[in-house]
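Breakdown of the fold
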Amino acid sequence: MKLVFKLLNLCNIDFEIHHLKLLQSENYLLMGVEVTYPELQQFLHFNIDPQHDNLSRNISSIEQVYEMKDELFKFKSSFEKICLITIKPDADSIGSFALLDLLFNDQLQITDQLILNIQRIGSYDHHGRDNWKENIKPIFSLPPALLTMIADPNLNISTKVDNVKQFLLTNKFKSYNHYSDIAYKKNKIAQQKTDINIIIPKKLAVVESSYRGAVSKGYKYCPIIIAKNPHYVFGISNSKIIGTKFTIAQYNESFIDLRKILNTINSLEPGWGGSSTIIGSPQNRSSRLTKQDLIDVLLKYVR
């Protein structure tokens, strides 16, 4: 069986549609992981996206892959070629690819270590937590080395999948120490270049940073976070765009109704999406909104 991985470039939708049609003509099974764009979803045979589908389940994609492993394995008997497709390479999507890789290549052995690491990725992804308090420490936190490796723009997706497979099974991967060093250095810089502005004490904060982990840093102060990355990289290869990306997250579902907020924000700027615990600005272009625009919206809902 041939298994390949594809990262969609939302800055060049026409090319991606053409490529998906080509893969269809070559009899690939097209399986998406969190492919949220309807114009791209229509070309997929199957899309794993529990946080954004009609069920709106607060579980991660990797957890759903594990739940559906027996059903998903049946695809192998119908297709000789499978292409796994996603938009954003994060711990959940690459973790799902890694788990599917193990499954389709008959290498999936259920161990306590595997289940624990699936749960760690799931908890990190869907943000649902209990009992927020100031200076809260993350639970089920993933190793900075793993997150830094997955975020490395110079590492191809196949290598990322191989590394995450190793992590799922052993808690480590080949270049673990290398990425631990990189993560440590980036964290020191991020601490100096991350601005946190408390809007409502113990309720709402704005975090501005170009480095990973802005939401987690904000959770030390408030359970509701507006995170701004002013130098986010949209797209891949020659169509890269540098611009502003916003994320709005809450520690758990109990603080605000993010789905209502999502509808309000989409009336100001179409293209926002997300779940009941985290939403974000469009993934294919810089946001036109300002921090103050979002603060004004949130202040109508935060009590």
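Just so we're clear, the structure is a prediction, and the values are computed from it rather than from any experiment. (Residues numbered from 1 in each chain as written. Predicted model: local features only at pLDDT ≥ 70, side-chain atom pairs only at ≥ 80, totals over all residues. Heavy atoms only, no water.)

1. Some thoughts on the state of the cysteines
How we decide: Cysteine sulfurs are considered disulfide-paired once they come within 2.5 Å of each other. Burial classification: accessible surface area is computed with a 1.4 Å probe over protein chains only, and a residue below 20% of its type maximum counts as buried, one above 50% as exposed, and the rest as partly exposed.
If you walk through the whole model with that rule in mind, you get zero disulfides. Just so you know, C11 is unpaired, no disulfide at all, and the nearest cysteine sulfur is the one on C83, 19 Å from it. The class of C11 is partly exposed, set by a relative accessible area of 24%. In this structure C83 comes out as buried when scored by relative accessible area, which is 2%.

2. Focus on the sheet that holds strand β3 (residues 46-48)
Using the following cut-off: Any two strands between which DSSP finds at least two bridges are classified as paired. In this text, helices come from DSSP runs of H or I with a minimum length of four residues, and strands from runs of E with a minimum of two, each type numbered from the N-terminal end. Every angle, taken between N-to-C directions, lies between 0 and 180 degrees, and every axis is a line fitted to C-alpha atoms, over only the stretch in contact when it is a helix. Note on contacts: a residue pair is in contact if any heavy atoms of the two residues lie within 4.5 Å.
Pairing is parallel in the open sheet, where four strands are placed in the order β1-β4-β2-β3. Both outer strands of the open sheet, β1 (2-7) and β3, are each paired with one neighbouring strand and no more. The mean angle between the axes of side-by-side strands here comes to 25°, regardless of whether they run parallel or antiparallel. By the bridge criterion, six bridges tie strand β2 (residues 28-33) to strand β4 (residues 81-86) in an arrangement that is parallel. Residue pairing for β4: Y28 is matched across the bridge by K81. In the packing of helix α5 (residues 91-104) onto the sheet, the strands contacted are β1, β2, β3 and β4, and the crossing angle to β4 comes to about 165°.

3. Describing the packing of α5 against helix α8 (residues 157-170)
Put simply, the test is: Working rule for angles: under 35 degrees goes down as roughly parallel, over 145 as roughly antiparallel, 65 to 115 as roughly perpendicular, anything else as oblique. Each residue receives one of three labels: charged for Asp, Glu, Lys and Arg, nonpolar for Ala, Val, Leu, Ile, Met, Phe, Trp, Tyr, Cys and Pro, and polar for the others, Gly being one of them.
Axis separation between α5 and α8 bottoms out at 8 Å; the angle between their running directions is 75°. Of the possible angle classes, the one that applies to α5 and α8 is roughly perpendicular. Between α5 and α8, the residues in contact are I94, G95, F97, A98, L99, D101 and L102 and I157, K160, V161, V164, K165, L168 and L169, respectively. Split by residue class, the contact of α5 with α8 holds ten nonpolar, one polar and three charged.

4. Digging into the environment of F167
Inspection of the secondary structure puts F167 in helix α8. In sequence terms F167 and K74 are 93 residues apart; their C-alpha atoms lie 25 Å from each other. Sequence-distant contacts of F167, defined by excluding residues within four places in its chain, comprise N117, R120, L142, P143, L146, K172 and F173.

5. Thoughts on the packing of aromatic side chains
Formally: Note on aromatic pairs: the rings of Phe, Tyr and Trp (six-membered ring only in Trp) are paired at centre separations within 6.5 Å, and the planes decide the class, stacked below 30 degrees, edge-to-face beyond 60, tilted for the rest. A ring is scored as having a charge over it whenever the NZ atom of a lysine or the CZ atom of an arginine sits within 6 Å of its centre and within 35 degrees of its normal.
This model, assessed by the stated rule, comprises six aromatic pairs. A connected cluster of aromatic rings, assembled from ring pairs, spans F173, Y176 and Y179. Here K172 stacks its cationic end above the ring of Y176, 4.9 Å away from the centre of that ring. Sitting above the plane of the Y232 ring, K245 keeps its charged end 5.9 Å from the centroid.

6. Here we look at the side chain of D101
Rule in force here: As used in this structure description, the phrase polar contact means that two N or O atoms lie within 3.5 Å; if the pair is within protein, one of them must be able to donate a hydrogen and the other to accept it, and residues adjacent in sequence are counted only when both atoms belong to side chains.
Along the chain, the position of D101 falls in helix α5. With relative accessibility at 7%, the residue D101 sits in the buried group. Only 3.4 Å separates the side chain of D101 from the side chain of K165, close enough to count as a polar contact. Setting aside anything within four residues of it in sequence, one finds D101 in contact with L3, F5, V161 and K165.

7. Here's the deal with the pairing of strand β8 (residues 241-250)
Taking burial as the measure, the ten residues of β8 include eight buried ones, the bulk of the element. Across nine bridges, the pairing between strand β7 (residues 224-234) and β8 is antiparallel. Directly across from I226, in β8, lies its bridge partner I248. Hairpin connection between β7 and β8: a loop of six residues separates the two successive antiparallel strands, and G235 in this loop has a positive phi of roughly 80°. With three bridges joining them, β8 and strand β10 (residues 278-280) adopt antiparallel strand pairing. Counted as the bridge partner of A249 is I278 from β10.

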